[in-house]
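# Understanding the architecture of this molecule
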Amino acid sequence: MKLSILANSLLSDKLKEAASATWPIMAIVFVVAFAFVPVPTGALLEFVFGGAFLIFGTAVFSLGADIAMMPIGSHIGGTVTRTRKLWFILLISLLVGIFVTISEPDLQVLAKQVPHIPDKLIVWTVALGVGVFLLIAMARQFLGVSLQTVIIVSYLLVLVLTCFVESGFIGVAFDSGGVTTGPMTVPFLMALGAGVAASRSDSSSEEDSFGLVGIASIGPILVVLILGLFFNAPQVSSGSPLVVAPELANSLELWSYFSSRFPHFSKEITASLIPIVIFFLAFQVFKLHLRRDELTRIFAGVLYTYIGLVIFMIGVNVGFLPVGSLVGQGIGALPYRWIIVPIGMIIGYFIVQAEPAVGVLNKQVAEITSGAIAGKALSTSLSIGVAFSVGLSMLRILLGFNLLYLLIPGYILAILLTRYCPPLFVAIAFDSGGVASGAMAATFLLPLAMGLCLAVGRDVGKDAFGVVAMIAMTPLITIQILGLIYKWQLAKVERMEETQEITL
């Protein structure tokens, strides 16, 4: 009874948050549809209905993440660390990374959009990459290796591999690093990091609460680049639409179209959640031994997570994905197609707030720093970074220059900033890159880029893939700049206090 009352109260708050994050995106698309691009009525109705699904799904999922996914991750992280057995910690990290990545819906979305490579091969390859790098992330904490060292060495290896892979594979590789850290992975990994840090009492435990997501997202880039050594780059022929939205005659057909997708996504999310549930149950039996009331609460949260993800995935795949592709193709056919750059920037600014995992990150940052880092400042920095990344991605498609011309300088700047930025902000920044590039990026912005590519005659494999990678990169820069501002303001306050003490 108490759980039900608490859940209803929290759900009301979550619905308000989800609605305030989603309506600006819908308003922008409506302006574009009525002012610039003729969007079929059926597709626009699907978009509106999809928006309602997205809002409710995001709210229910966020509630489930709070009640279940974060406690599971925290319990496992704390329990594993207290064993003090390094081999056991690394083994569990590898398995957690693989299972939680297979559970990630965003990865399934990306895999379906990469032609000529089996979906299962991409999913399992990426899952292995996350597992290996989560193992590395945990090992570095116990071996005392700095986060900056791991990041620099890993990205240098990434840059070396790009020299041997077809350019059409580079965007897919970097995009895979972004989509693996989505609504399922982020709550789990962030709570895992917090659980590990909570079991320690040393001076670096606070900053080590973050960084797992940032390091784990490097693994998929490396393994997909290695995959690119054995496969040809994905190609999509220009001129044919990527998505065809069905024309719907009435509201009954609209509901029938959406409800027909429930079995598919229910099955997909069930398959995604089962590995995590089995893994948790095994831990419960052999290690955790949680009380019945806490176990009941967690399983209720898993149910909320399941329902929320099913509804969310239907909303973004059925309602948002077709409109993203249609808008991209429509703007690309205009004589003033350059307008896609400012439109993309505005969409990018608001779309990151609709990502379910962003709220999880904000909450975790507020809890770990006891409110010292304002959630509003973090969200604004993320939005600014994503706005620039989407604008640059659209400009790159129009002009047709290589993705590496943006990624290499961007990552070099991000790595240089790690030398001057407070370590806590470095860890948060690299986590933020993964958090920003979630389901909304994969199911709206990537189709938008693909549609634009088809309209202007670009190679989709080479030019459209990479938009998620850009979204994952720019927060590394903007959040670290926020960290420098925070550092300078703190130094200024300390100088003022020293001056007052001398005066007194």
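Here we summarise the structure given alongside this text. (Residues numbered from 1 in each chain as written. Predicted model: local features only at pLDDT ≥ 70, side-chain atom pairs only at ≥ 80, totals over all residues. Heavy atoms only, no water.)

Right, let's get into the overall build of the protein. When helices and strands are counted, the protein shows 21 helices and zero strands. A buried classification covers 60% of the 504 residues belonging to the protein. Contacts spanning at least 24 positions in sequence make up 87% of the contacts within the protein whose residues lie at least 6 apart. A total of about 19,800 Å² of accessible surface is found on the protein, and carbon and sulfur atoms cover 67% of it. (Helix = DSSP H or I, 4+ residues; strand = E, 2+ residues; numbered from the N terminus. Buried < 20%, exposed > 50% of the residue type's maximum accessible area, 1.4 Å probe, protein only. Contact = heavy atoms within 4.5 Å. Areas by Shrake-Rupley, 256 points an atom, 1.4 Å probe, with all protein chains shown as cover.)

Another aspect to go through is the packing of aromatic side chains. Under the defined criterion, the tally for this structure stands at 20 aromatic pairs. Their ring planes at 45° and their centres at 5.1 Å tell us that F425 and Y486 sit as a pair that is tilted. Of this pair, F425 sits in helix α18 (residues 423-436) while Y486 sits in helix α21 (residues 467-503); the two residues are 61 residues apart in sequence, bridging distant segments of the chain. A residue is classified by how much of its surface remains accessible, and F425, at 2% relative accessible area, is buried. The exposure class of Y486 is partly exposed, given its relative accessible area of 29%. Every member of this aromatic cluster is reached through a ring pair, and the members are F49, F53, W255, Y257, F258 and F262. When the ring centre of F88 is taken as reference, the NZ or CZ atom of K287 above it lies at 5.4 Å. (Phe/Tyr/Trp six-rings, centres within 6.5 Å; stacked < 30°, edge-to-face > 60°. Lys NZ or Arg CZ within 6 Å of the ring centre and 35° of its normal.)

Right, let's talk about the packing of helix α2 (residues 41-82) against helix α11 (residues 251-259) for a bit. Interhelical geometry of α2 versus α11 gives an angle of 55° and a closest axis separation of 11 Å. Of the possible angle classes, the one that applies to α2 and α11 is oblique. The hand of the α2/α11 crossing is right-handed. Here α2 contributes L45, E46, F49, G50 and F53 to the contact with α11, which in turn contributes L254, W255, Y257 and F258. Counted by class, the contact of α2 with α11 contains seven nonpolar, one polar and one charged residues. (Axes fitted to C-alpha atoms, helices over the stretch in contact; angles between N-to-C directions. Parallel < 35°, antiparallel > 145°, perpendicular 65-115°, else oblique. Left-handed = near helix turned anticlockwise from the far one by under 90°. Nonpolar A, V, L, I, M, F, W, Y, C, P; charged D, E, K, R; others polar.)

It is worth spelling out α18 at this point. The periodicity of an α-helix, 3.6 residues per turn, causes residues three or four places apart in sequence to face the same way. End to end, α18 covers 20 Å across 14 residues, agreeing with the expected 20 Å (1.5 Å per residue, within 8%). A large share of α18 lies buried, amounting to 13 of its 14 residues. (Expected span 1.5 Å × (residues − 1).)

What follows is about the pattern of salt bridges. Applying the stated criterion across every chain yields a total of three salt bridges. With a closest N to O distance of 3.3 Å, R291 and D293 form a salt bridge. Among the residues examined, R291 registers a relative accessible area of 55% and is labelled exposed. One salt bridge in this structure joins D463 and R396, with 3.8 Å as the shortest N-O distance. Remark: R396 occurs in helix α16 (residues 375-399) and D463 occurs in helix α20 (residues 460-464); sequence separation between them is 67 residues. (Salt bridge = Lys/Arg side-chain N within 4 Å of Asp/Glu carboxyl O.)

Taken N-terminus to C-terminus, the directions of helix α6 (residues 147-162) and α18 make an angle of 40°; their axes are 10 Å apart at the nearest point. Here α6 is positioned oblique relative to α18, judged by the angle of their axes. Where α6 approaches α18, its residues L147, Q148, I151 and Y155 are matched on the opposing element by V426, A427 and F430. Residue classes in the contact of α6 with α18 are distributed as six nonpolar, one polar and no charged.

It is worth spelling out empty space enclosed by the protein at this point. Applying the stated criterion to the full structure yields four cavities of 30 Å³ or more. Its boundaries defined by the atoms lining it, the largest cavity holds a volume of some 100 Å³. Taken together, 15 residues form the lining of the largest cavity, with Y155, G177, S217, Y411 and A472 sitting closest to its centre. Every element with two or more residues in the lining of the largest cavity is listed here: α7 (167-179), α18 and α21. Residues of the lining of the largest cavity, tallied by class, amount to eight nonpolar, seven polar and no charged. By volume, the second largest cavity amounts to about 40 Å³. Every residue along the wall of the second largest cavity is listed here: V114, I117, I122, F169, V172, V224 and L227. (1 Å grid on protein atoms, 1.4 Å probe; cavity = no way out; pocket = protein on both sides within 12 Å on 5 of 7 lines; lining within 4 Å. Points joined across faces, edges and corners; volume = space filled by probe spheres on them.)

Membership of the largest hydrophobic core comes to 162 residues, with the highest contact counts inside it found for I76, Y155, F320, I331, M394 and M440. Of all the elements, helix α13 (residues 292-332) adds the most residues to this core, at 15 residues. Filtering out sequence-adjacent residues up to four positions away, I331 remains in contact with V32, V37, R337, I339, I340 and I343. Core analysis: the next-biggest nonpolar cluster, separate from the first, contains seven residues, L11, A18, A59 and I67 among them. (Core = buried A, V, L, I, M, F, W, Y, C linked by side-chain atoms within 4.5 Å.)

Glancing now at the side chain of Q284. Along the polypeptide, Q284 turns up in helix α12 (residues 262-288). Separated by 2.9 Å, the side chain of Q284 and the backbone nitrogen of L290 make a polar contact. Beyond its immediate stretch of four places on either side in the chain, Q284 contacts H289, L290 and L295. (Polar contact = N/O pair within 3.5 Å; in protein donor to acceptor, adjacent residues only side chain to side chain.)

On the secondary structure map, G228 appears in helix α10 (residues 218-228). Here the alpha-carbon distance between G228 and T162, two residues 66 residues apart in the chain, equals 9.4 Å. Setting aside chain neighbours within four positions, we find G228 in contact with V165 and F169.

Let us look at a nonpolar patch on the surface. Taken together, the side chains of V160, F164, I226, L229 and F230 define a hydrophobic patch exposed on the protein surface, amounting to about 540 Å² of accessible area. One can find I226 in helix α10. (Patch = residues over 30% accessible without salt bridge, like charges linked within 9 Å, V, L, I, M, F, W, Y side chains within 5 Å.)

Moving on, we get to the environment of S266. When you line up the elements, S266 lands in helix α12. With 45 residues separating them along the chain, S266 and I311 place their C-alpha atoms 8.9 Å apart. The residues touching S266, leaving out its near neighbours within four places in the chain, are Y306 and V310.

With respect to the secondary-structure elements, G385 resides in helix α16. Look at G385 and you get buried, because its relative accessible area is 1%. Not counting the four nearest positions on each side in its chain, G385 is found in contact with T474 and T478.

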